[in-house]
Amino acid sequence: GLYSVGGKLTKSRQSDEGTSQIQFANPVMGSAAATRLAMQYYNNNKKTLRQYISTYTPGYLKAADNIAKIMGVSPDDDLNLKDPENMIKFQRALYIQEVGQDTYAKMGGDAMTRQGVMTAFRNSYEKLFKEKLPESVARHFEQYQERPSQSGAATGLRPGEEKQQSEHVSPI
């Protein structure tokens, strides 16, 4: 895999099972990139969890079942990833599947995921989906305040909204 350093593409020094991996400056940037990738796949007819996951782990669809369980959907349902809440649920479940609930929480949890999705939708929706960002989506993001948490990071939560807890699913 390649990544950009000062505008220059460089081979990644990170790897997972021998495959180069991109490393981002922070989890929100990684979440935004993951969201853009999901948008691209959705736009190219990878509309269900089984279709999406089979691209990454051919023959191992247990991950699709685990993600579906976390999301509360069927692995064969259309994910409707043009809807920001569906994208947030998908990204959240994907992270929990990959790294587990504890690591997900340490990465910034739901607030990190929401910020990454918001960033990707604002910057990439129209280019990837070839349509204008719906006003309802723009209004949806306006209801979230960029207010700092105790750690100083923006929470991406509505005032008074608490972080969600979920069951732990082991990474693949």
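Only a predicted model underlies this, so the values are computations on that prediction, with no experimental measurement involved. (Residues numbered from 1 in each chain as written. Predicted model: local features only at pLDDT ≥ 70, side-chain atom pairs only at ≥ 80, totals over all residues. Heavy atoms only, no water.)

Draft legend 1. Here's a closer look at the nonpolar core. Membership of the largest hydrophobic core comes to 33 residues, with the highest contact counts inside it found for Leu49, Ile67, Met87, Phe90 and Phe121. Looking at this core, the elements with two or more residues in it are helix H1 (27-43), helix H2 (49-56), helix H3 (62-71), helix H4 (84-99), helix H6 (109-129) and helix H7 (135-142). Sequence-distant contacts of isoleucine 67, defined by excluding residues within four places in its chain, comprise Leu49, Ile53, Phe90, Ala93, Leu94 and Gln97. (Core = buried A, V, L, I, M, F, W, Y, C linked by side-chain atoms within 4.5 Å. Buried < 20%, exposed > 50% of the residue type's maximum accessible area, 1.4 Å probe, protein only. Helix = DSSP H or I, 4+ residues; strand = E, 2+ residues; numbered from the N terminus. Contact = heavy atoms within 4.5 Å.)

Draft legend 2. Up close: the pattern of salt bridges. Tallying each qualifying case throughout the model produces five salt bridges. Put simply, aspartate 110 and arginine 92 hold a salt bridge, and the shortest N to O gap is 2.8 Å. With aspartate 110 in helix H6 and arginine 92 in helix H4, the pair connects residues that are 18 residues apart, well separated along the chain. Here the salt bridges do not stand alone but share partners, grouping Arg50, Asp65 and Asp76 into one network. (Salt bridge = Lys/Arg side-chain N within 4 Å of Asp/Glu carboxyl O.)

Draft legend 3. Layout of H6. For H6, the principal kink sits at asparagine 123 and spans about 50 degrees. For H6, a buried count of 16 out of 21 residues is recorded, marking the element as mostly surrounded by other parts of the structure. After H6 finishes, the residue lysine 130 shows a positive phi value of roughly 55 degrees. (Bend = angle between axes of the 7 residues up to and from the residue.)

Draft legend 4. Representation of the packing of H3 against H4 within the structure. Contact geometry of H3 with H4 gives a least axis separation of 9 Å together with a crossing angle of 125 degrees. Here H3 is positioned oblique relative to H4, judged by the angle of their axes. Where H3 crosses over H4, the handedness of that crossing is right-handed. Of the residues in H4, those in contact with Ala63, Asn66, Ile67, Ile70 and Met71 of H3 are Asn86, Lys89, Phe90, Arg92, Ala93, Leu94, Ile96 and Gln97. A per-class count over the contact of H3 with H4 returns eight nonpolar, three polar and two charged. (Axes fitted to C-alpha atoms, helices over the stretch in contact; angles between N-to-C directions. Parallel < 35°, antiparallel > 145°, perpendicular 65-115°, else oblique. Left-handed = near helix turned anticlockwise from the far one by under 90°. Nonpolar A, V, L, I, M, F, W, Y, C, P; charged D, E, K, R; others polar.)

Draft legend 5. Representation of unusual backbone geometry in the model. At asparagine 80, a residue that is not glycine, the phi angle is positive and equals roughly 45 degrees. Mapped onto the elements of the fold, asparagine 80 is located in the loop between H3 and H4. Under the relative-accessibility criterion, asparagine 80 is labelled partly exposed at 34%. Not every positive phi belongs to a glycine, and lysine 130 is a case in point at roughly 55 degrees. Among the residues examined, lysine 130 registers a relative accessible area of 69% and is labelled exposed.

Draft legend 6. Highlighting the packing of aromatic side chains. Inspection of the entire model under this criterion finds six aromatic pairs. Ring plane angle 90 degrees and centroid distance 6.5 Å describe the contact between tyrosine 42 and phenylalanine 129, whose orientation is recorded as edge-to-face. Of this pair, tyrosine 42 sits in helix H1 while phenylalanine 129 sits in helix H6, and the two are 87 residues apart along the sequence. In this pair, the class of tyrosine 42 matches that of phenylalanine 129, namely buried. Note on tyrosine 95 and tyrosine 104: the rings are 6.0 Å apart at their centroids and 25 degrees apart in plane angle, and the pair reads as stacked. We note that tyrosine 95, like tyrosine 104, is buried. Through a chain of ring-to-ring contacts, the aromatic side chains of Tyr42, Phe121, Tyr125 and Phe129 assemble into a single cluster. (Phe/Tyr/Trp six-rings, centres within 6.5 Å; stacked < 30°, edge-to-face > 60°.)

Draft legend 7. Here's a closer look at the environment of lysine 89. With respect to the element layout, lysine 89 can be found in helix H4. You can call lysine 89 partly exposed: its relative accessible area is 44%. For lysine 89 and threonine 113, which are 24 residues apart along the polypeptide, the C-alpha to C-alpha distance reads 8.9 Å.

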